[in-house]
Structures are given as C-alpha cells and as structure tokens.
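Close look at the chain arrangement
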Amino acid sequence: MSYQFPDNFLWGGAIAANQVEGAYLTDGKGLSTSDLQPHGVLAEAVERHDGDSGIKDVAIDFYHRYPEDIALFAEMGFKCLRTSIAWTRIFPQGDEETPNEAGLAFYDRLFDEMSKYNIQPLVTLSHYEMPYGLVKKHGGWGNRRTIEFFERYARTVFQRYQHKVKYWLTFNEINMSLHAPFTGVGLPSDSSRQDIYQAIHHQLVASAKAVSACHEIIPDAKIGNMLLGGILYPLSCKPADVIETQQQNRDWLFFGDVQVRGYYPSYMNRFFKQRGITLHITDDDRQALKHTVDFISFSYYMSGCVTTDEELNQKARANILNMVPNPHLESSEWGWQIDPQGLRYLLNVLYDRYQKPLFIVENGLGAKDKIDSDGSINDDYRIKYLNDHLVQVGEAIEDGVEVLGYTCWGPIDLVSASKAEMSKRYGFIYVDRDDAGNGTLERKKKKSFYWYQSVIGSNGQTLK
Ligand code: BGP
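We now turn to the structure provided with this report.

Analysis parameters
Residues numbered from 1 in each chain as written. Predicted model: local features only at pLDDT ≥ 70, side-chain atom pairs only at ≥ 80, totals over all residues. Heavy atoms only, no water. Helix = DSSP H or I, 4+ residues; strand = E, 2+ residues; numbered from the N terminus. Rg over C-alpha atoms; globule rule 2.2 N^0.38 Å. Buried < 20%, exposed > 50% of the residue type's maximum accessible area, 1.4 Å probe, protein only. Contact = heavy atoms within 4.5 Å. Areas by Shrake-Rupley, 256 points an atom, 1.4 Å probe, with all protein chains shown as cover. Salt bridge = Lys/Arg side-chain N within 4 Å of Asp/Glu carboxyl O. Near = heavy atom within 4 Å. Polar contact = N/O pair within 3.5 Å; in protein donor to acceptor, adjacent residues only side chain to side chain. Nonpolar A, V, L, I, M, F, W, Y, C, P; charged D, E, K, R; others polar. Axes fitted to C-alpha atoms, helices over the stretch in contact; angles between N-to-C directions. Parallel < 35°, antiparallel > 145°, perpendicular 65-115°, else oblique. Left-handed = near helix turned anticlockwise from the far one by under 90°.

1. Concerning the overall build of the protein chain
- Across its full length, the protein chain holds 15 helices and twelve strands.
- Taken against the 2.2 N^0.38 rule, which gives 23 Å for 464 residues, the C-alpha radius of gyration of the protein chain at 21 Å falls within 12% of a compact globule.
- Its C-alpha atoms give the protein chain principal-axis dimensions of roughly 60 × 55 × 45 Å.
- Taking all 464 residues of the protein chain together, the buried fraction comes to 60%.
- At a minimum sequence separation of 6, the contacts of the protein chain that also span at least 24 residues come to 77%.
- Accessible surface computed for the protein chain: about 18400 Å², of which carbon and sulfur atoms make up 50%.

Here is the structure:
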C-alpha cells in the first residue's frame, strides 16, 4: 500500500542546541543547566570548576560547522529543521535587561543559511536547558519570577526572528520534569512533588504567555507545545490494570490538557489532594493559561506497559526506564522497546482528545554504527525502524489524523541526552567523534542518507 502524505508535509530532522552546538562559552554565552550535566539529563548536576570539561562543550561543533550540515540536510531534501535556541546565548545569566547581540547574530546566520535552501525552521525556546544563573540566583522555575525572565527572552527572539521563523515550540518534553527535575525546571532531584508541581505550574503559565506573545508579535506564526509521547498500555485486560494505565497516562497527558484546553483538568483535583499538593494559582495565571497552542508536537521512541502486579513492578524498577516490558516487542541496544504501531495509536489518541494538528518532532533509533572496510556505513536497522514508523504515520493520516510534519531525531549524529554519549547514534550523517571526545568531527553519509532522500523526494511513496 502506498501512503498519501499531504503536499506541504514538513519532512525533516530535529536537533537541539546543547547536543550539537558546542562553543559553550563562545560569544558571551552563559552557563546553562545542560553545561552542568556532563553525564546527561538523568544524572545529578555538578558545579563546574576551571579545567573541567564535558562532551557537550564541543558536541559536534555545529556552532562553526552549520553551513556544511545545512547543505547536507538540503541535499536530503529537508523542508524543515527543528532546532532550539540556547537561552544562555541570548540572556547569559537569564535576568539581564538587554540581550547579548552576538548570540542573537548567530541565530540570524543560522536561519539565513536555512532559508537559502527553503528549509523552514521549527524552533524550540527551551530544550532541556535554562540559564544556570537563574537556578543559582533565583531558584529556577521554583520562583515565579522566572516566568517574567522567560517571557522577556521569548519576546526578544520573536521580535528578532519574526520574518525568519514561523513555527515555534515552547518547552521540550515539558512532562519530563517529573523524572528529571533539574533538567526540566532547575530544581534539585530530591525536591518534593509539591515543589516540582508548583515549578511546573510556573512553566505552564510561561508557556501560555509565550503563546500569547507569539500571536501578538508574529500573527502568521504557529506555536505548539512539546510532549514526551509516553503512551502506556495495560499489561493485561484486568480492569484494575486498565484503570491504572488510564491514571498513569494522565500523568503526562495532563500537560497537554492544560496547554491545549487552557485550564487544569478536573482529574488533577483528586490527584493533588491524594498527594497533599496545594498549588498557588493566581487569577492572572488562570487568565494566562487561556492562551492555548496552535498544534501539539511530541517525541515518540517507544511504548510501555502498566500492571498492578507488585512483583512485576519491583522487577521493572530495576531497569533504567521503570517500565514493565511488553512481551510482544523487541528492544533497541539501549533497551527501548520498538513499537511502530504505537505511533499510529498515539497519533489517534492525541487527535481524538484535542482535534488539533499534530507534529511528530522526534522519532528515531539510537544505535552503534560500524564503518565497513570500504568506508561505508550500512545502517539497515535504522532504515527499517524509520520506515516502519513512517508507514504507521501514513496509516494515521488515512485514519483522518491531521499531521503537519515529521522531523526525525538526530539527522546528524549528536550527543545523546540521557547519558551524553556519542556512541548512541541516530544520524543519516556520521560524525567522527567518540565518547571520550576523540575524532576529527568529519561528516560522512550513511546508507540511510540516501534512503531518507528518496522518501522525501517521493513524498513518502517509497515507504513499504
Ligand atoms: C528526547 C530528547 C532529545 C533526545 C532524545 C533521544 O527525550 O528531547 O533531546 O536526545 O530524547 O534520547 P537520547 O539522546 O538519550 O537517546
């Protein structure tokens, strides 16, 4: 069967500033929370001292090599590139009155380069990082004042890039704060649920204020939220498992509900009450939340299962993801369970729930690549993963779901988020750098490069 992708479907790839740019102190950039996480977003943050270094300090040196990389993306036929702005390039400490011109100028150059090839930028305002200055001095998102600092930053970049960027996202995987509070909201990992949800509330208000500012400053732009699409299935058809699954799916759907509907869903009353959480929500906050997103974006890598069986849950806690494995699925080398049909299911769940356009802004396979003796990289496993997921996107479109585009994660190898590894590669383009930071940073096309080029060139007709 061949699939009918819309003519203006935004095919492309997704990267994030802190995982590609490097140049971590160049041109006045300040330290970000990511710069304090040399071992990844799940690890504890560490204070930096003179002489300390981390793999992300250079990353893949996109800050200096972007013209070459954009040209390669253009060669694959990209219509869209999702990237993020490093907040600390614009406001190095986060609480300045005026922005850093050198940081603003960098993104002008980057967006101009993309525009040469008609590649639409899709820009995340905050992808797993914030100015460390805001954490140290103001307590991160725990402090209501951070809303104001974020709004100033958002307005600054909307103003500056209003003619260059028409697609925006607020916070990357906003629901991730529940698992990684430092990464998401700049709070210590042992923070109470009360403090984490209050910080999340501030972030939800800030997101809504950014939506409103975007509509005011760039009327023809579209701005979306960004969720970690963590869809969960009941492990069995036992009604108790089904109810538990519904509850656990609400842990992350809650974020979408607020950002798409404009108010807290009623099920959260019971949730907060049972956990002794009382949020401070002002009238102004309630007003702000009414500014809802134009579309919903999400990442999708895997699905998981839920059970009420205590023994199985105990076992699941021993693995990194805390998810009960699905006996019907295979896993990647990193233990992420591969479930292409889950993507069709998730697209339908979100569309049924919100009736707003959806954008898949991350999906891909992290794998160890091997260079053959003739210099080629035959990443058939990656081609299969992406093909199978895109087929399910085609199915969802047939189902009637409105999908704006698909930007697969890491079209060029980059530093992984969870453990800051180079060896977990997602790219169509190989980058010569290892986990210890050795390598020439040279770029090389993999087999999947030509495969994706043909998928985009045929608007999905070559999928099978
Ligand atoms: C998402 C993040 C990305 C990204 C991806 C893959 O959660 O938004 O930044 O890196 O996951 O994860 P990893 O890099 O750990 O393989």
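More follows now that the structure is in view.
2. Considering the pattern of salt bridges
- All chains considered together, the criterion is met by 31 salt bridges.
- Put simply, Asp69 and Arg443 hold a salt bridge, and the shortest N to O gap is 2.8 Å. With a gap of 374 residues between them, Asp69 in helix H2 (residues 62–76) and Arg443 in strand S12 (residues 443–445) connect regions that are remote in the sequence. Like Arg443, Asp69 is buried.
- With its nearest N and O atoms 2.5 Å apart, the salt bridge here joins Asp369 to Lys446.

3. Focus: the site of the ligand
- The environment of the ligand is formed by 14 residues, the closest being Glu173, Ala417, Ser418, Lys424 and Tyr426.
- At 2.7 Å, a side-chain N or O of Gln19 approaches an oxygen atom of the ligand.
- Asn172 is positioned such that a nitrogen or oxygen atom in its side chain is 2.9 Å from an oxygen atom of the ligand.
- Bound to the protein, the ligand loses 95% of the 380 Å² it would expose on its own.
- Tallied by class, residues from the shell around the ligand come to six nonpolar, five polar and three charged.

4. Observations regarding the packing of helix H6 (residues 145–161) against helix H8 (residues 193–217)
- Remark: H6 packs on H8, axes separated minimally by 9 Å, with the N-to-C direction vectors making an angle of 25 degrees. Viewed along their axes, H6 and H8 adopt a mutual orientation that is roughly parallel. In this structure, H6 crosses over H8, and the sense of that crossing is right-handed. Two secondary-structure elements touch here, H6 through Ile147, Phe150, Glu151, Ala154, Arg155, Phe158 and Gln159 and H8 through His202, Val205, Ala206, Lys209, Ala210, Ala213, Cys214, Glu216 and Ile217.
- When its residues are assigned to classes, the contact of H6 with H8 shows ten nonpolar, two polar and four charged.

Keep in mind that these numbers describe shape and distance, not what the molecule does.
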